[in-house]
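Spelled out from the first residue to the last, the chains are:
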Amino acid sequence: MQTTTLPAGVGRNASPFLHGGEAAAIAAVLPTGQYGHGPVTEQFEQALAHYLGVDDVVAVSSGTTALVIGLQAAGIGPGDEVIVPSLTFCASVQAIVAAGAAPRFIDVDPATLCVTSDGVLGALTPATRAVMPVLYGGRAVGLDSIRDTLDARGILLIEDAAHAFGSRAGTRMVGSTGALTCFSFDPIKNLTTGQGGAIVLRSPEEARRARSRRLFGVTQSREERASITSYGVEGPGLRCELSQINAAFGLVQLEHFSTVAAKRRHLWRTYRDALRELDAAALVDVDVEHSVPFNCVVRVSAGQRDKMFEVLRGQGIGVGVHYPPNHSQPAFATWHRPLPVTDEIGRQILSLPFHPAMNDEAVHYAVAALGRALRSTS
Ligand SMILES: *Cc1c(COP(=O)(O)O)cnc(C)c1O
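Predicted, not measured: the structure shown is a model, and the values here were computed from it.

K.L.:
Could you clarify how one ought to interpret the overall build of the chain in this entry?
P.N.:
Across its full length, the chain holds 13 helices and 12 strands. Relative to its length of 378 residues, the chain is compact, with a C-alpha radius of gyration of 21 Å against a globular reference of 21 Å. The dimensions of the chain, computed from C-alpha atoms along their principal axes, are 70 × 55 × 40 Å. For the chain, the residues scored as buried account for 54% of the 378 residues in total. In the chain, the share of contacts with a sequence separation of at least 24, taken over all contacts with a separation of at least 6, comes to 72%.

K.L.:
Where do I start with unusual backbone geometry in this structure?
P.N.:
Apart from glycine, the bulk of residues carry a negative phi angle, and the bulk of peptide bonds sit in the trans form. Note the cis peptide between His-322 and Tyr-323, where omega equals 15°. By the element assignment, Tyr-323 lies in the loop between helix H11 (305–314) and helix H12 (340–346). Here the phi dihedral of Phe-216 falls at roughly 60°; this positive angle occurs in a residue that is not glycine. Counting through the fold element by element, Phe-216 comes out in the loop between helix H7 (204–213) and helix H8 (222–226). Of the residues examined, Phe-216 reaches a relative accessible area of 37% and is grouped as partly exposed. In this model, Asp-287 sits at a positive phi of 60°, which is unusual for a non-glycine residue. For Asp-287, the location among the structural elements is in the loop between strand E10 (282–283) and strand E11 (296–299).

K.L.:
What exactly am I supposed to notice about the packing of aromatic side chains here?
P.N.:
Aromatic ring pairs are described here by two measures, namely the spacing of the ring centres and the angle between the planes. Across all of its chains, the model carries 10 aromatic pairs by this definition. Pairing Phe-89 with Tyr-323 gives two aromatic rings, centres 5.7 Å apart and planes at 35°, and the pair type is tilted. Taken together, the residues Phe-89 in the loop between strand E2 (81–85) and helix H4 (90–98) and Tyr-323 in the loop between H11 and H12 connect sequence positions 234 residues apart. The class of Tyr-323 is buried, set by a relative accessible area of 8%. A ring pair is formed by Phe-165 and Phe-257, whose centres lie 5.1 Å apart and whose planes are at 75°; its orientation type is edge-to-face.

Procedures and definitions
- Residues numbered from 1 in each chain as written.
- Predicted model: local features only at pLDDT ≥ 70, side-chain atom pairs only at ≥ 80, totals over all residues.
- Heavy atoms only, no water.
- Helix = DSSP H or I, 4+ residues; strand = E, 2+ residues; numbered from the N terminus.
- Rg over C-alpha atoms; globule rule 2.2 N^0.38 Å.
- Buried < 20%, exposed > 50% of the residue type's maximum accessible area, 1.4 Å probe, protein only.
- Contact = heavy atoms within 4.5 Å.
- Phe/Tyr/Trp six-rings, centres within 6.5 Å; stacked < 30°, edge-to-face > 60°.

This is a description of form; function is not addressed.
Right, here's the structure in full:
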C-alpha cells in the first residue's frame, strides 16, 4: 500500500468538511445544560428559513425522521401508496414504511438518476397519495408539467432533498418551491450538523403538527411548559428534535456554506472536463449551473463495474456505489416490482471520491486511475 503518497482526500468517497468555528460553537452550548431542542435550535431554524427564503423551517434529528414526520404531518399513513425511485438510499423507503404507507418503486432516467414525469404518471394507482422524488446528486427534479395533475388528484409532492441543500429549481431555492421538502444534515451531506435534518412544510398547520410529532406529540413549547403544571399530548410522536449542540454546529456550517457550494461546483466541473477523455465512463449529470453537487457518479459497463470497484479500492481510491436498488432488498420484498432499467443502472454506477477537502490534483489522480481500471478490466 502506498496510500501516504496519494493526493489529499482521494482515499475517501465522502467526508465532512469543517470550517474551524464548529468546536467553539459546540463548546458554548455545553454550559447551558440544555442539550435537546432549545433557543439555538430555533436560531438555526430561522437561519435556514432566511437562507431558503421561506417563512418557517422545522429542524429534526435526521433526514430520515424529516421524511417520516413530513409524510405524517401531511396525513400520509396506512393504506396510502407513495411513489419513490428504487435507486435511492434505503432511508427514503424506510421512512415511507415507518409512516405506515406502501412504497411503489419506479425507475429513474439513466442520464440523471432522477425520476421523470412520465415515470411518475405511469405508476399512479387509485391508492397513490404521494410522490417522493429524490434529488439525486443535488439535482432539482422538474415535475412541473404534472404538478396540476398531481394537485387535482390530491397527491402530495414530498421531496427527498437530502442531497440538494443549496440547489435551485430554476430561479427558486429547493425548499421554496411549494413542495414539502426534507433535508438531511448527516456528516457527508452538503451541510452538516453532525446529525440532523429539516423540513419545509406547506402551511403553518402542517408545521405545527410536525413540531408536535418531533416531541412526543406534546403541543406546548418548552417555555410554555415551564409555567404550567400539565401539558397536552395531542397525538403520536417520538423524540426527534434537533439538539442545540447539533444546531450550533449547523449555524457555523451555514455561515460558510457559500465556500463549500463553490468548491463542490468547481470539483464537479473539474471531473466533468477530465472525464471527457474517457469514452467508456458516462458522467451522470447534475445540472451544475443550478445545483450544489453532492457526488460525482459515472456509469461503466455492467460487466466491469464490480471488478473496477475492487481494483480502485485496492489502489486506495475511495470509490463507492450509491445505491444498491431497493426494490430487490429483502426488507421491501412485499413491494417488489420488475424494474429492468434500475437493475441495469444498479450494476453500472460508480461514485468517485467527492468532497470539499479534495483539490484538482486529487480529481485528476482519480480520473487517471479510473482510466487505467477501465482498460485493465475490459
Ligand atoms: C442521507 C440520506 C437520507 C437520510 O438522511 P439521514 O440524515 O442520514 O437520516 C435520506 N435520503 C437520501 C437520499 C440520503 O442520501
